Amino acid sequence: MNISLTVNGKRHELEVKPGESLREALRGLGCTSVKQGCGAGECGACTVLVDGVPQTSCNMLAVQADGKAARTVEGEAKGGELSPVQQAFIENKAFQCGFCTPGLVMTTTALAESGRGGDMTRGRSAGPSPGTCAAARATIPSWTPCARACPGAAAAATRNEPAAPEPGRTGKPTHNQRGTRHGQAHRHVDPEGRGGRPRQGGQRGGSQPTQTLADQ
Amino acid sequence: MFDVHSYRKAASVGQALTLLAADPEARPMAGGTNALFKLRRGSEAFRSLVDIAGLPELPGIALDPDGGLRIGAGVTFRELAASPLVAEKARCLAEAALAMGGPQLRARATLGGNLCGGGHCAACRRCRYPRCPAAMVGADGPAPLLGLDARAKIAGRAGKRLVPLGQFWTAPSRTAVARDELLLGVVIPAASLGAPGSGYVKYAMRAAMDTATFGCAALCRLDGGRIAGLRLACVMAGPTPRRLPKAEAVAPGRLPDAATFAAVAAAAAGEASPRADWQGDVDFRLHIIRRQIEALLAAVARRAEDA
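Residues numbered from 1 in each chain as written. Chains lettered and ligands numbered in written order. Predicted model: local features only at pLDDT ≥ 70, side-chain atom pairs only at ≥ 80, totals over all residues. Heavy atoms only, no water.

(A) Structural detail: the overall build of chain A. For chain A, the count of helices and strands is six helices and seven strands. In chain A, the succession of helices and strands from N to C terminus is β-β-α-β-β-β-α-α-α-α-α-β-β. Looking at the 216 residues of chain A, the share that counts as buried comes to 56%. Looking at chain A as shown, the accessible area adds up to about 9,100 Å², and 50% of this sits on carbon and sulfur atoms. (Helix = DSSP H or I, 4+ residues; strand = E, 2+ residues; numbered from the N terminus. Buried < 20%, exposed > 50% of the residue type's maximum accessible area, 1.4 Å probe, protein only. Areas by Shrake-Rupley, 256 points an atom, 1.4 Å probe, with all protein chains shown as cover.)

Here it is as structure tokens:
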């Protein structure tokens, strides 16, 4: 199938198989920053911006991106200069192994450009990556300055309010989300005064049980 | 590479229906987050895809002339969560929309897909059972819409019909939408809209990218300081999304206090029939149902009082 895909400002006419993912198509064009992590849209390592919106490219078909514009980390540095978000990642040591960093840079860039940089501390806004990264505890606090690095984000962050109405879930701050909190105060419903369910035998995974309820 | 044998993009609902009728293997796909996930897990159900993303008939959140709220099946969760109209008129739905997945997923996953087969069982991450009968029960879209008494608008080749959401999920993994039909959207009646005592609670193992271990939408109406009406709609309290009529019936006429909330929650736990699975055994789930409903009721009653 023939599709037209703009990648980092350059238009490509591609022939792709119907089952080819956007990640595969982008890597085929040399954008090897687009990593495959979980392959199911959960980890966020493959995040690229499709028409400005962060999307996991592993669970998206290339044909679904026909006629759209994708941005990857390869296109963020301009004229040998890193983007403000990339520079902020370096200054804040906002990574450990670096595998998911391209996806996080793109997610952060989208947040910063949408003026919602302050949301980064809420964990959920940073997308799937924070919960699944072993280094998240160390790196999450550094993402807020990263998101604020974008000039457009600074004004919105000082206003301390999200650009879009944000009802809904407030995750209980888990062990890895102890960054400075911004925005409205969160109220957590925690009837038992503790984090949630007891850990059950045979259960694996490092996720913290979370009780959620909207801000009042 | 996904094992997609055929991919066709429909230009209209009519064409999509024709394509679905012509190929018995064909399945509609909008955002693709669910279809591609299942393909990756080895399902053979989505090898022939009819892409219905961006069909002119499917998007849009708008008020009908009669005051009802119409939401197209192609509306993404990102749009739902950001819609001022949804936040004002159906707060529980806005909260559920934001509770679903993560930003990347919300940008592409659609309400229609969520109602028809999204929210694959969270155990899918751990088990590899491609035709899991439990699929779709942990989705975030069904509970608020069920609580809001929404009706599904379904298009077939013979015409369109409206199905109350109470009759939409006919069995685990089965909906009223036939294989050669399309869900066009949902309509929430005016009477359900704008209630201040509305909210959604989700209990999940982590704050993002997880299906609900339990999800519940509540709509509470107060009159003269007492509860005049209560609706509770849940996912993961039974094989399909459901209301809890016995628990709802406990509340009217009582004061919105802790004793009432506990009584309703106890009735809900008595009425629910959760399954045991890797997320928890039945006792744990009943405990969660009780606690979460108590907390949710306290929150929505406070909202109703403050309004």
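That covers the picture; the talk isn't over yet.
(B) The arrangement of the pairing of strand β13 (residues 226-235) of chain B in detail. Residue and element names in this part refer to chain B. Most of β13 sits inside the fold, with seven of its ten residues counted as buried. With nine bridges connecting them, strand β12 (residues 214-223) and β13 associate as antiparallel partners. Directly across from C220, in β13, lies its bridge partner L230. With antiparallel pairing between neighbouring strands as the criterion, β12 and β13 make up a hairpin whose turn holds two residues, including G224 at a positive phi of roughly 60°. Bridging between β13 and strand β14 (residues 242-243) involves two bridges; their strand directions are antiparallel. When the sheet's bridge partners are listed, C234 is paired in β14 with R242. (Pairing = 2+ DSSP bridges.)

(C) Looking closely at unusual backbone geometry. All names here are of chain B. One non-glycine residue, D149, lies in positive phi territory at about 60°. Note that D149 resides in the loop between α8 (142-147) and β6 (151-156). A positive phi angle, close to 70°, is found at M236, a residue other than glycine. Summarising the element assignment, M236 is placed in the loop between β13 and β14.

(D) The arrangement of the state of the cysteines in detail. Residue and element names in this part refer to chain A. Across all of its chains, the model carries zero disulfides over all chains by this definition. Here C31 is not disulfide-linked; the sulfur of C46 is the nearest cysteine sulfur, at 13 Å. We classify C31 as buried; its relative accessible area is 5%. Here C97 stays free of any disulfide, with the sulfur of C100 as its closest cysteine sulfur at 6.2 Å. (Disulfide = S-S within 2.5 Å.)

(E) Spotlight on the sheet that holds β6 of chain B. All names here are of chain B. Across the sheet, which stays open at both edges, the five strands sit in the order β4-β5-β10-β6-β7 with antiparallel pairing between neighbours. Each edge of the sheet is formed by a strand with only one pairing partner; in this case those strands are β4 (61-63) and β7 (159-164). Taking the axes of each pair of neighbouring strands and ignoring which way they run, one obtains an average angle of 25° across the sheet. Lying on the sheet, helix α1 (residues 13-22) is in contact with β6 and β10 (182-188); it crosses β10 at an angle near 130°. (Axes fitted to C-alpha atoms, helices over the stretch in contact; angles between N-to-C directions. Contact = heavy atoms within 4.5 Å.)

(F) Spotlight on helix α10 (residues 258-271) of chain B. Residues and elements named next belong to chain B. Here α10 spans 20 Å end to end across 14 residues, near enough to the 20 Å set by a 1.5 Å rise per residue. By the burial criterion, the buried members of α10 are T260, F261, V264, A265, A268, A269 and E271. Where the residues of α10 are buried, they touch β13, β14, α9 (245-250) and α11 (282-306). (Expected span 1.5 Å × (residues − 1).)

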